[in-house]
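# Breakdown of the fold
Here are the chains, one letter per residue:
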Amino acid sequence: MAVCIAVIAKENYPLYIRSTPTEDELKFHYMVHTSLDVVDEKISAMGKALVDQRELYLGLLYPTEDYKVYGYVTNSKVKFVMVVDSSNTALRDNEICSMFRKLHNSYTDVMCNPFYNPGDRIQSRAFDNMVTSMMIQVC
């Protein structure tokens, strides 16, 4: 089950963070921000290959006892981070990749909104509903 989904700007500040159990919200914020170091390492390790590469899915960033943290980066260096419950063993890597693609498509729709200022927090109801449906769908 996806317990936290975050969209992080190029400058590493959160554009959107949503977590399911609100009592652990601070813990998920910490996990998202610590995963940014791993994302930066993977991006720098890829170097120019990332520009040529069409697949932007970074895969498993790091596992903990209770959760697994996955990452995805767009061409504009916006990062998507998803925290998934480790007890859900039925969730495959390709399913997580398709969830990131769906998230990326929805993020693109937000960016295409003429009333959205790039760099502001995402407050779109459609984006929020899509994230909520993704979190419920995985359960």
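Given the structure is predicted, the values throughout are model-derived calculations rather than measurements. (Residues numbered from 1 in each chain as written. Predicted model: local features only at pLDDT ≥ 70, side-chain atom pairs only at ≥ 80, totals over all residues. Heavy atoms only, no water.)

### A closer look at the nonpolar core
Val 7, Phe 100, Leu 103, Ile 122 and Phe 127 are the most contacted members of the largest nonpolar core, which totals 29 residues. At the level of elements, strand E1 (2-8), strand E2 (14-19), strand E4 (67-73), strand E5 (79-85), helix H3 (93-111) and helix H4 (125-138) are the ones that each hand at least two residues to this core. Sort the elements by how many residues they give to this core and H3 lands first, with seven residues. In this view, Ile 122 contacts Val 7, Leu 15, Tyr 16, Tyr 107, Val 110, Tyr 116 and Phe 127; residues no more than four positions away in its chain are not counted. (Core = buried A, V, L, I, M, F, W, Y, C linked by side-chain atoms within 4.5 Å. Buried < 20%, exposed > 50% of the residue type's maximum accessible area, 1.4 Å probe, protein only. Helix = DSSP H or I, 4+ residues; strand = E, 2+ residues; numbered from the N terminus. Contact = heavy atoms within 4.5 Å.)

### Digging into the pattern of salt bridges
One pass over the structure, following the stated rule, counts one salt bridge. The closest approach of N and O atoms between Asp 128 and Arg 18, which form a salt bridge, is 2.8 Å. With Asp 128 in helix H4 and Arg 18 in strand E2, this pair connects stretches of sequence that are 110 residues apart. (Salt bridge = Lys/Arg side-chain N within 4 Å of Asp/Glu carboxyl O.)

### Some remarks on the side chain of Lys 79
Among the secondary structure elements, Lys 79 is positioned in strand E5. A polar contact of 3.4 Å, which involves the side chain of Lys 79, links it to the backbone oxygen of Lys 10. Contact partners of Lys 79, with chain neighbours within four places excluded, come to Ala 6, Val 7, Ile 8, Ala 9, Lys 10, Asn 12, Leu 36, Val 39, Asp 40, Tyr 72 and Val 73. (Polar contact = N/O pair within 3.5 Å; in protein donor to acceptor, adjacent residues only side chain to side chain.)

### Some points on unusual backbone geometry
Negative phi characterises most residues that are not glycine, and trans characterises most peptide bonds. Of note, Asn 12 is a non-glycine position whose phi angle comes to about 70°, a positive value. Structurally, Asn 12 is set in the loop between E1 and E2. The class of Asn 12 is partly exposed, set by a relative accessible area of 29%. Look at Lys 77: it is not a glycine, yet its phi comes out positive at around 70°. Its place among the elements puts Lys 77 in the loop between E4 and E5.

### Here's the deal with the pairing of E1
Along E1, seven of the seven residues are buried, which leaves the element largely enclosed by surrounding structure. Both E1 and E2 contribute to a ladder of five bridges, which runs antiparallel. The residue of E2 that forms the bridge with Ile 5 is Arg 18. The loop that links E1 with its antiparallel partner E2 comprises five residues; one of these, Asn 12, has a positive phi angle of about 70°. (Pairing = 2+ DSSP bridges.)

### Thoughts on the sheet that holds E5
Spatially, five strands are ordered E2-E1-E5-E4-E3 in an open sheet, and the strand pairing comes out antiparallel. Single-partner strands in this sheet number two, and they are E2 and strand E3 (57-63). For this sheet the average axis-to-axis angle between neighbouring strands, irrespective of direction, equals 15°. Sitting on the sheet, H3 touches E1, E2, E3, E4 and E5, and the angle it makes with E5 is about 140°. (Axes fitted to C-alpha atoms, helices over the stretch in contact; angles between N-to-C directions.)

### Here's the deal with the packing of aromatic side chains
Applying the stated rule across the entire model yields six aromatic pairs. Both rings, one in Tyr 72 and one in Phe 100, keep their centres 5.5 Å apart while their planes meet at 15°; by these two values the pair is stacked. Placement of the pair is Tyr 72 in strand E4 and Phe 100 in helix H3, with a sequence separation of 28 residues. For the pair Tyr 72 and Phe 100, a shared accessibility class is recorded, and that class is buried. A connected cluster of aromatic rings, assembled from ring pairs, spans Tyr 57, Tyr 72, Phe 80, Phe 100 and Tyr 107. The side chain of Lys 27 reaches across the aromatic face of Phe 28, ending 5.9 Å from its centre. (Phe/Tyr/Trp six-rings, centres within 6.5 Å; stacked < 30°, edge-to-face > 60°. Lys NZ or Arg CZ within 6 Å of the ring centre and 35° of its normal.)

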